[in-house]
Amino acid sequence: MKNVNKTQQIAVFKALADPVRLEIIQYLKQNDHEVSCGEVGKAIDISKTSGSYHFKLLQAAGLINARKEAREKYVSLNQTTFDKYVTNFYKNI
């Protein structure tokens, strides 16, 4: 179990180490509700291909929730992951 937590924690911090992904997180935090990936991409000026890559990494790290509806993908922050791995980082090392 402990190795799973370390692996997840590493994935979280790797995902947060990129400036584009931090912009995505900041945009989602400002909105405080589910938004389409296209809306996020337009707001931070990234291509669909780039956005797809970054959303995939954020979702794999558990930092965002994503759901697909027809051809559109909607995302929101996963506060639980932030609380577990970022807020309590010092306690978890």
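This section reports on the structure supplied with the text.

Reading the values: rules and limits
Residues numbered from 1 in each chain as written. Predicted model: local features only at pLDDT ≥ 70, side-chain atom pairs only at ≥ 80, totals over all residues. Heavy atoms only, no water. Buried < 20%, exposed > 50% of the residue type's maximum accessible area, 1.4 Å probe, protein only. Helix = DSSP H or I, 4+ residues; strand = E, 2+ residues; numbered from the N terminus. Arc of directions from axis to C-beta. Pairing = 2+ DSSP bridges. Contact = heavy atoms within 4.5 Å. Axes fitted to C-alpha atoms, helices over the stretch in contact; angles between N-to-C directions. Core = buried A, V, L, I, M, F, W, Y, C linked by side-chain atoms within 4.5 Å. Salt bridge = Lys/Arg side-chain N within 4 Å of Asp/Glu carboxyl O.

A few points about helix H5 (residues 79–87)
Turning to step 1, where the next piece is worked out: If you check which residues of H5 are buried, you get Thr81, Phe82 and Tyr85. All buried residues of H5 lie within an arc of 100° about the axis, which places them on one face of the element. Across from the buried face of H5, at angles greater than 90 degrees, the exposed residues are Thr80 and Thr87.

Notes on the sheet that holds strand S3 (residues 72–77)
Turning to step 1, where the next piece is worked out: Here we have three strands laid out as an open sheet, ordered S1-S3-S2, and antiparallel in their pairing. With one partner strand each, in any of the chains shown, strand S1 (35–36) and strand S2 (64–69) form the two edges of the open sheet.
Turning to step 2, where the next piece is worked out: Those strands touched by helix H2 (residues 19–31) are S1, S2 and S3, and its axis lies near 80° from that of S3.

Some words on the nonpolar core
Turning to step 1, where the next piece is worked out: Ranked by internal contacts, the top residues of the largest apolar core, which has 20 residues, are Ile24, Val40, Leu63 and Val75.
Turning to step 2, where the next piece is worked out: Every element with two or more residues in this core is listed here: helix H1 (2–16), H2, helix H3 (37–44), helix H4 (48–60) and H5.
Turning to step 3, where the next piece is worked out: Considering every element that reaches this core, the biggest residue donor is H2, with four residues.
Turning to step 4, where the next piece is worked out: Sequence-distant contacts of Val40, defined by excluding residues within four places in its chain, comprise Ile24, Tyr27, Leu28, Val35, Phe55 and Val75.

Topic: H3
Turning to step 1, where the next piece is worked out: Those residues of H3 not exposed but buried are Cys37, Val40, Gly41 and Ile44. The arc that holds every buried residue of H3, seen down its axis, measures 100°, which confines them to one face.
Turning to step 2, where the next piece is worked out: Lining the buried residues of H3 we find H2, S1, H4 and S3.
Turning to step 3, where the next piece is worked out: Among the residues trailing H3, Asp45 stands out with phi positive, at a value near 60°.

Looking at the pattern of salt bridges
Turning to step 1, where the next piece is worked out: Summed over all chains, the structure comprises two salt bridges.
Turning to step 2, where the next piece is worked out: In this structure, Glu34 and Arg67 form a salt bridge, with 2.8 Å as the shortest nitrogen-oxygen distance. In this pair, Glu34 is assigned in the loop between H2 and S1 and Arg67 in strand S2, connecting sequence segments 33 residues apart.
Turning to step 3, where the next piece is worked out: Residue class for Glu34 comes out partly exposed when judged on its relative accessible area of 35%.
Turning to step 4, where the next piece is worked out: With relative accessibility at 34%, the residue Arg67 sits in the partly exposed group.
Turning to step 5, where the next piece is worked out: Ionic contacts of the salt-bridge type, sharing partners, join the residues Glu34, Arg67 and Glu69 into one network.

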